[in-house]
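Tertiary structure, described
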Number of protein chains: 2
Amino acid sequence: MIMYLNGQYVPRESALIPVEDRGFIFGDGIYEGVRAVGGKMFEWAPHAERMDNGLKGLRINFTRAQIDALEAVCERVVQENGLVDGEAFLYLQVSRGAAPRTHHFPPATVLPTVFVSASKLVVPRKMRDEGCSAVTFPDMRWKRRDWKTVNLLGNVLARQSAAEAGAYEAILHEDGIVTEGAATNVFAVVNGEMRTHPLTERILPGVTRKVLMELFADLKVPVREEPIPFAQLFSAEEVFVCGSTTDVTPVVSIDGKTVGKGKPGPMTVQIREAFEARLYQAAGASR
Amino acid sequence: MIMYLNGQYVPRESALIPVEDRGFIFGDGIYEGVRAVGGKMFEWAPHAERMDNGLKGLRINFTRAQIDALEAVCERVVQENGLVDGEAFLYLQVSRGAAPRTHHFPPATVLPTVFVSASKLVVPRKMRDEGCSAVTFPDMRWKRRDWKTVNLLGNVLARQSAAEAGAYEAILHEDGIVTEGAATNVFAVVNGEMRTHPLTERILPGVTRKVLMELFADLKVPVREEPIPFAQLFSAEEVFVCGSTTDVTPVVSIDGKTVGKGKPGPMTVQIREAFEARLYQAAGASR
């Protein structure tokens, strides 16, 4: 496996960073996860914009132009790993760099650490067709979840809880409302109405979520962006989670309780089809 | 500078970790900061106990016996760096190790990454005598602050805000109460009564705080462990912060407003003297 690290394309075993990197010492960095189909990045622009927003939030000196230049880096990493024919998941991370440990920022001469890797993505079609199970977990994360930082312990513990239950995702809740999934956004149909948490500092502004909002508008399906009460999650007619590797994945059981009829509901199937058409059409157009 | 990394004592420039270390990717690790005087660790046992508690909380496979063995590692790192004569700050970190990225835990065959470094500590006596200034900052951190994890962005941003204001520390507040400092615990004298936040998941159980509670008991000074209302912070007669490099440091101004008489108050001076006596006596006894 070939990885990109600070300007070089190196084998995995040579992809080393100083132990004093602030990513390791403080979780002081921003990441992105981007879907590639046929060697091209899907929805690069909103990923770049979100990364820019997070880096600006943390005030890491990495410009929008430097972010934009990572699209070509991603394409090359996909090529180097022989992943052009098919689908891949690109992981990008920019940390504040390596410096002697101080909580406050290091001198401006310290350069950010820039890392990109690619892995083959095999879409689990059966799970998409039949739906997945989820657990619920308290949302333990910090208050700026709109920045895609690597302070991810709340997500790690939630996903571990899902893995141990044999579930795909953990749906997070806080103060009696559903925020999002540990690595996804959550949509639910409550009393016939499609609902999802609004874009606030409490959730990540998902790129797939953004595409779905556009597609819902095209399909003339109204979506109410208002928090879903946690108690109503269990009486929802439909639930699905979405994300850059998850696409649209129906949730048919939560904490062992059946959602709706125990199979993907009609609104979920409709938006999944629209999303996949766009995902693979975009790839077809760019090939 | 010589550092300890995964069983080896190596120069700083050779202290490298895989970029896929979960410390870098998720902030998935626990750290400690220990004070050394005359080559000996001050209050090792409670540091080891806190580290054990955090590692158990995150379920990182690193036993109490392995933690205990790090005391000798710390002593050797101090020696290797010529810091036996004087004071040093030991930094210890154990991450869940390097593995291909999954939110959930990697297989048990993945070994934790273990890192120890030492730096010379020069006590800023003038600041201790005259007191420091502090700013206030919203507490943005996640919900398990009792575990000393490297998910530290809330602390980093707070300390940066202090540094930009020319202040030593940022005092964090949330829901109208003072939690702690960005890298310290906070005590205040309110209406003649010594107060500090109780040991809950909202704050770090400071080792210096623990020693101070013992010393206050010896001195027959009652301490009320109940959150200090944020509004009362500004009318407190005395405020001080404490920690393993901070010891007892009086706070004489907050957000530019004078605390008490603008100089270290009598209860702060008393506990500072008692603490320093114990710190240097312990070192003297072990030399």
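Quick word on the relation of the copies chain A and chain B
- For the pair chain A and chain B, the relating rotation is 180°, the translation along its axis is 0.0 Å, and the fit reaches an RMSD of 0.0 Å. Accordingly, the operation relating the two chain copies is best matched by a two-fold axis.
- A share of 100% of the interface residues of chain A reappears at the interface of chain B, consistent with the copies meeting face to face through the same patch.

A few points about the interface of chain A and chain B
- At the interface, 56 residues of chain A touch 56 residues of chain B.
- Carbon and sulfur atoms supply 67% of the area that chain A and chain B bury against each other, a total of about 4,500 Å² over both sides.
- Ranking the residues of chain A by area buried against chain B places Phe-24, His-103 and Leu-153 of chain A at the top, with a combined share of 17%.
- Here chain A is connected to chain B by 6 salt bridges.
- Notably, a salt bridge pairs Glu-20 of chain B with Arg-12 of chain A, separated by 2.7 Å at the nearest N-O pair.
- Going through the elements one at a time, β1 (2–5), β3 (16–18), α1 (22–26), β6 (87–95), β7 (113–120) and α5 (153–164) of chain A are the ones with two or more residues in the side of chain A that touches chain B.
- For the side of chain A that touches chain B, the leading source of residues is α5 of chain A, giving 9 residues.
- Counted by class, the side of chain A that touches chain B contains 28 nonpolar, 12 polar and 16 charged residues.
- Pairing of β3 of chain A with strand β3 (residues 16–18) of chain B involves 3 bridges; the strand directions are antiparallel. Along β3 of chain B, the bridge assignment pairs Leu-16 of chain A with Pro-18 of chain B.

Some remarks on the sheet that holds β7 of chain A
All names here are of chain A.
- With antiparallel pairing, 6 strands are arranged side by side in an open sheet as β2-β1-β7-β6-β4-β5. Strand pairing shows two members of the sheet lacking a second neighbour, β2 (8–11) and β5 (40–41), which therefore form its edges.
- Bridge count for β1 against β7 is 2 bridges, and the pairing is antiparallel. The residue of β7 that forms the bridge with Tyr-4 is Val-116.
- Contacts from helix α2 (residues 44–58) reach β4 (29–37), β5 and β6 within the one sheet, and its direction differs from that of β4 by about 175°.
- Together, β1, β2, β4, β5, β6 and β7 form the strand contacts of helix α3 (residues 64–80), whose direction differs from that of β7 by roughly 40°.

Observations concerning the environment of Gly-39 of chain A
- Structurally, Gly-39 of chain A can be placed in the loop between β4 and β5.
- For the pair Gly-39 of chain A and Ala-182 of chain A, spaced 143 residues apart in sequence, the C-alpha separation works out to 27 Å.

Some points on the confidence of the model for chain A
- A residue-level look at chain A finds 98% of positions with pLDDT of 70 or above and a mean pLDDT of 97.
- ipTM for the predicted complex: 0.97, alongside a pTM of 0.97.

Considering α5 of chain A
- Look at α5 of chain A: 16 Å from first C-alpha to last across 12 residues, which is about the 16 Å you get at 1.5 Å a residue.
- Counting buried residues along α5 of chain A, 9 of its 12 residues qualify, which places the element largely inside the surrounding structure.
- Of the positions making up α5 of chain A, those classed as buried are Leu-153, Gly-154, Asn-155, Val-156, Leu-157, Ala-158, Arg-159, Gln-160 and Ala-162 of chain A.
- Against β8 (132–138) and β9 (169–174) of chain A together with α1 (22–26) and α2 (44–58) of chain B lie the buried residues of α5 of chain A.

Some points on the nonpolar core
- Core analysis: the biggest nonpolar cluster contains 112 residues, and Leu-90 of chain A together with Leu-90 of chain B have the highest contact counts within it.
- Residues Met-194, Leu-212, Phe-216 and Val-248 of chain B belong to the second largest nonpolar core, which totals 20 residues.

Points about the domain arrangement of chain A
All names here are of chain A.
- For chain A, the assigned domains are domain 1 (2–120) and domain 2 (125–282).
- Computed over C-alpha atoms only, the centres of domain 1 and domain 2 are separated by 26 Å.
- Taken together, the contact between domain 1 and domain 2 spans 23 residues of the former and 22 residues of the latter.
- Across the domain 1/domain 2 interface, buried area totals approximately 1,900 Å², and carbon plus sulfur atoms make up 64% of it.
- In terms of surface lost to domain 2, no three residues of domain 1 exceed Tyr-31, Phe-42 and Arg-50, which account for 35% of the buried area on that side.
- At the junction of domain 1 with domain 2, the criterion picks out 4 salt bridges.
- Notably, a salt bridge pairs Glu-43 with Lys-210, separated by 3.6 Å at the nearest N-O pair.
- There are 9 residue pairs in polar contact (both at pLDDT 80 or more) connecting domain 1 and domain 2.
- For the side of domain 1 that touches domain 2, the elements supplying multiple residues, two or more each, are β4, α2 and β6.

What counts, and where the lines are drawn
- Residues numbered from 1 in each chain as written.
- Chains lettered and ligands numbered in written order.
- Predicted model: local features only at pLDDT ≥ 70, side-chain atom pairs only at ≥ 80, totals over all residues.
- Heavy atoms only, no water.
- Least-squares fit on C-alpha atoms with pLDDT ≥ 70 in both.
- Contact = heavy atoms within 4.5 Å.
- Buried area = accessible area lost by both parts, 1.4 Å probe.
- Salt bridge = Lys/Arg side-chain N within 4 Å of Asp/Glu carboxyl O.
- Helix = DSSP H or I, 4+ residues; strand = E, 2+ residues; numbered from the N terminus.
- Nonpolar A, V, L, I, M, F, W, Y, C, P; charged D, E, K, R; others polar.
- Pairing = 2+ DSSP bridges.
- Axes fitted to C-alpha atoms, helices over the stretch in contact; angles between N-to-C directions.
- pLDDT = per-residue confidence, 0-100.
- Expected span 1.5 Å × (residues − 1).
- Buried < 20%, exposed > 50% of the residue type's maximum accessible area, 1.4 Å probe, protein only.
- Core = buried A, V, L, I, M, F, W, Y, C linked by side-chain atoms within 4.5 Å.
- Domains from an automatic or database assignment.
- Polar contact = N/O pair within 3.5 Å; in protein donor to acceptor, adjacent residues only side chain to side chain.

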